Amino acid sequence: MKSEMIARFVLALLALSFTTVAAAAPQPAHWVVSWGASASPPPDAAQIQKHGLEFNNQTLREIVHLSIGGSAVRVRLSNFFGKQSLEIGAAHLGLRASDSAIQPSSDRALTFGGAPGVSVPPNAFVLSDPVKLAVLAGSDLAISIFVPHVATAAGIHYFAQQTSYVGAGDLTASPSISNPRAISSWIFLAGVDVSAPPPAAAIAVFGDSRVDGDGSTPNANKRLPDALFKRLAQQGLSLGVLNAGIIGNRILHDAPQAAEELGVNGLARFDRDALDQPGVKYVVVLEGIVDIGLAGTEFAPTEAVSVDDLVAGMKQLIERAHDHGMKIFAATQTPFSGATTIPGIFSAEKEAQRKALNQWIRSSHAFDAVIDFDKVVADPANPERIRPAWDSGDHIHPNDAGYQAMADAIDLALFK
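Bear in mind that the values here come from a model prediction, so they are computed numbers and not experimental data.

Caption draft 1: Fine view of the overall build of the protein chain. Of the regular secondary structure elements, the protein chain holds 10 helices and 23 strands. A globule of 416 residues ought to have a C-alpha radius of gyration of about 22 Å, and the protein chain, at 24 Å, matches this closely. Each principal axis of the C-alpha distribution contributes one length, and for the protein chain these read about 90 × 60 × 40 Å. Put simply, the protein chain has 416 residues, and 56% of those count as buried. Long-range pairs, those at least 24 residues apart, make up 80% of the contacts in the protein chain with a sequence separation of at least 6. Of the roughly 17,400 Å² of accessible surface on the protein chain, a fraction of 56% belongs to carbon and sulfur atoms. Looking at the protein chain, you have 31 positive and 41 negative side-chain charges, and the mean spots of the two groups are 7 Å apart.

So, in structure tokens, the structure goes:
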């Protein structure tokens, strides 16, 4: 009897000990994507040489504009669409001061499993170890990547609307880069996550050039997702906004040959670029107009896309978002009459398709909600065109004011 009492006493002590240890264990970080860039395949060898997309013993200092802030940071490096392993010799990050200069006290060396460099296999990405650095919402980071050996650009986001910098040698720890070569793409860089309190989450805005920021002012962060984040921050909502747009992207078809910057089809990249991103709780989809407009042009002369095809594709996006427990909202297709980007991109038949797709988006109730950008930017005097004051000049992409108007029209109650 006494032995049983002793045994129960010992078990009780052990249980108390384990409970105390568990209670004292630190909580894991709650990571939320604050910035990201969707990748497209590299061009052919001739274009790689022409545009300087091969690197050797060089540092890329890439500038990114964060949405949500946090107490620690980690970086995602990408070799998506790479043909060989990517060797990273060293990497740093710091708060940007101006141009390529950083605030010296903010410089942090990045490590990968404790090592200063890492080998990234083809079509893969790696996460850096977290670094303690308090970053504010809406701040700029400079992320420096040293490529010690010959490497062809992979994981490219061509249309950054942001100037970054390339210099010779390992300059990852340098306060600035002297006489750099300027680039306007993000290369080998896929995302930045921040550690934020558990209520924090993110919205992935998934789509084409109207998400990517075509028509907005370079280096000014006036894209649609940027404008949406500023509204959220003003309302005190702890939500990051991920720009998952690619210029010219389509739901149903990959980029045409010799136009790799348009990326793989939306169905192929949806999980990687939106659903699998840390902390994403909501998805906004603005895509489909290029599927309609590009068909039958010189870039896609044999491709034909019906409204039923696009509806089927959108239903796939809906199901996959719901499988991840996310809400997904559809944006209507904005006007593009008179578009000058590609000969033949607009026609009366294509305008009829746009209107039919918008009618399905509005009336089907397939999405969790609808954001009616068509009604926001359409010219009241000619609803098939963008309002002149909000037209970037090519009659398909809004300007800064147009993107701001679109962001202002979003009901923030969708995200509460």
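Further notes follow.
Caption draft 2: Looking closely at helix 10 (residues 400-408). Listing the buried residues of helix 10 in full gives Gly402, Tyr403, Ala405, Met406 and Ala407. Where helix 10 is buried, its residues meet helix 3 (209-212), helix 4 (224-234), strand 19 (280-286) and helix 9 (373-377). One side-chain oxygen at the N-terminal end of helix 10 lies 3.2 Å from the backbone nitrogen of Ala401; it belongs to Asn399.

Caption draft 3: Structural view of helix 5 (residues 266-275). Buried within helix 5 we find Gly266, Arg269, Phe270, Asp273, Ala274 and Leu275. Where helix 5 is buried, its residues meet strand 17 (201-207), strand 18 (239-245), strand 19, helix 7 (307-323) and strand 20 (327-331). The N-terminus of helix 5 is capped by Asn265, whose side-chain oxygen sits 3.1 Å from the backbone nitrogen of Leu267.

Caption draft 4: Summary view of unusual backbone geometry. Notably, Asn179 is not glycine yet its phi reads approximately 50°, a positive angle. Tracing the chain through its elements places Asn179 in the loop between strand 14 (164-168) and strand 15 (181-183). Although it is not a glycine, Asn221 adopts a positive phi angle of roughly 55°. Tracing the chain through its elements places Asn221 in the loop between helix 3 and helix 4. Given a relative accessible area of 9%, Asn221 falls into the buried group.

Caption draft 5: Quick look at the pairing of strand 1 (residues 31-36). For strand 1, a buried count of six out of six residues is recorded, marking the element as mostly surrounded by other parts of the structure. Relative to strand 16 (residues 189-195), strand 1 runs antiparallel, the two being bridged by five bridges. Within the sheet, the bridge partner assigned to Val33 lies in strand 16 and is Asp193.

Caption draft 6: Spotlight on the packing of aromatic side chains. For the structure shown, the criterion picks out nine aromatic pairs. Measuring from ring centre to ring centre gives 6.0 Å for Phe55 and Phe188, while their planes differ by 70°; the resulting arrangement is edge-to-face. Here Phe55, found in strand 2 (residues 54-55), pairs with Phe188, found in the loop between strand 15 and strand 16; they are 133 residues apart in sequence, far enough to count as distant. We classify Phe55 as buried; its relative accessible area is 0%. Aromatic pair Phe329 and Phe415: ring centres 5.7 Å apart, planes at 65°, arrangement edge-to-face. Here Phe415 lies in the segment after helix 10 and Phe329 lies in strand 20, a separation of 86 residues in the sequence. Both residues of the pair, Phe329 and Phe415, count as buried. Above the face of the Phe80 ring, Arg272 is positioned so that its terminal group lies 4.8 Å from the ring centre.

Caption draft 7: A look at the pairing of strand 11 (residues 131-135). Only one face of strand 11 is buried, namely the one carrying Val131, Leu133 and Val135, since none of Lys132 and Ala134 on the opposite face is buried. Sheet topology note: the strand 4 (residues 70-78)/strand 11 ladder contains three bridges and is antiparallel. What sits directly across from Ala72, in strand 11, is Lys132.

Caption draft 8: Examining the packing of helix 7 against helix 8 (residues 348-363) more closely. Closest axis-to-axis distance for the helix 7/helix 8 pair is 10 Å, and the angle between their directions is 35°. In the packing of helix 7 onto helix 8, the handedness of the crossing is right-handed. Here Val307, Leu310, Val311, Met314 and Lys315 of helix 7 lie close against helix 8, whose contacting residues are Gln353, Ala356, Leu357, Trp360 and Ile361. When the residues that make up the contact of helix 7 with helix 8 are grouped by side-chain class, the tally is eight nonpolar, one polar and one charged.

Caption draft 9: Main features of the environment of Ile88. Inspection of the secondary structure assignment puts Ile88 in strand 5 (residues 86-88). For the pair Ile88 and Ser364, spaced 276 residues apart in sequence, the C-alpha to C-alpha distance is 48 Å. Among residues more than four places away in sequence, those in contact with Ile88 are Leu77, Gly117, Val118, Val120, Ile145, Phe146 and Pro148.

Caption draft 10: Highlighting the sheet that holds strand 20. Read from one edge of the open sheet, five strands run 18-17-19-20-21, paired in parallel fashion. Lying at the two open borders of the sheet, with one neighbouring strand each, are strand 18 and strand 21 (369-371). Neighbour-to-neighbour, the strand axes of the sheet open up by a mean angle of 25°, direction not taken into account. Pairing of strand 19 with strand 20 involves four bridges; the strand directions are parallel. From the neighbouring strand, Val284 faces strand 20, where its bridge partner is Phe329. Where helix 5 meets the sheet, its contacts fall on strand 17, strand 18, strand 19 and strand 20, and the angle it forms with strand 17 comes to roughly 160°.

Calculation notes
Going along each chain's sequence as written, the residues are numbered from 1 onward. Local features in this predicted model are restricted to residues whose pLDDT is 70 or higher, and side-chain atom pairs enter the listing and the counts only when it is 80 or higher, whereas totals over whole chains, interfaces and linings include all residues. Think of the side-chain values as coming from all heavy atoms in the structure, minus any hydrogens and water. Helix numbering and strand numbering both begin at the N terminus, where a helix is a DSSP run of H or I of at least 4 residues and a strand a DSSP run of E of at least 2. Radius of gyration: over C-alpha atoms. The globule rule applied is 2.2 Å multiplied by the number of residues raised to the 0.38 power. For the exposure calls, accessible area comes from a 1.4 Å probe over protein chains only, and a residue counts as buried if that area is under 20% of its type's maximum, exposed if over 50%, partly exposed in between. A contact between two residues is defined here by any heavy atoms of the two lying within 4.5 Å. Exposure was quantified through the Shrake-Rupley algorithm and a 1.4 Å probe, taking into account, for residues, occlusion by the shown protein chains and nothing else. Just so you know, the count uses Lys and Arg for positive and Asp and Glu for negative, and it drops His and the chain ends. By convention, the charge on Lys lies at NZ, on Arg at CZ, on Asp at CG and on Glu at CD. Nitrogen and oxygen atoms within 3.5 Å of one another constitute a polar contact, given that in protein one can donate a hydrogen and the other can accept it, and given that sequence-neighbouring residues count only through two side-chain atoms. Pairing between strands is defined by DSSP: at least two bridges between them are needed. Classification of ring pairs uses Phe, Tyr and Trp, with its six-membered ring standing for Trp, and accepts pairs whose centres are within 6.5 Å; under 30 degrees between planes counts as stacked, over 60 as edge-to-face, and the remaining range as tilted. Lysine and arginine charges are scored as sitting over a ring when NZ or CZ, respectively, is within 6 Å of the ring centre and within 35 degrees of the ring normal. Convention adopted: a line fitted to C-alpha atoms gives each axis, helices being fitted over their contacting stretch, and angles between N-to-C directions are expressed from 0 to 180 degrees. By definition, any crossing whose near helix is turned counterclockwise from its far helix by less than a right angle is left-handed, and any crossing with a clockwise turn is right-handed. Following the grouping adopted for this structure description, the nonpolar residues are Ala, Val, Leu, Ile, Met, Phe, Trp, Tyr, Cys and Pro, the charged ones are Asp, Glu, Lys and Arg, and the polar ones are all others, Gly among them.

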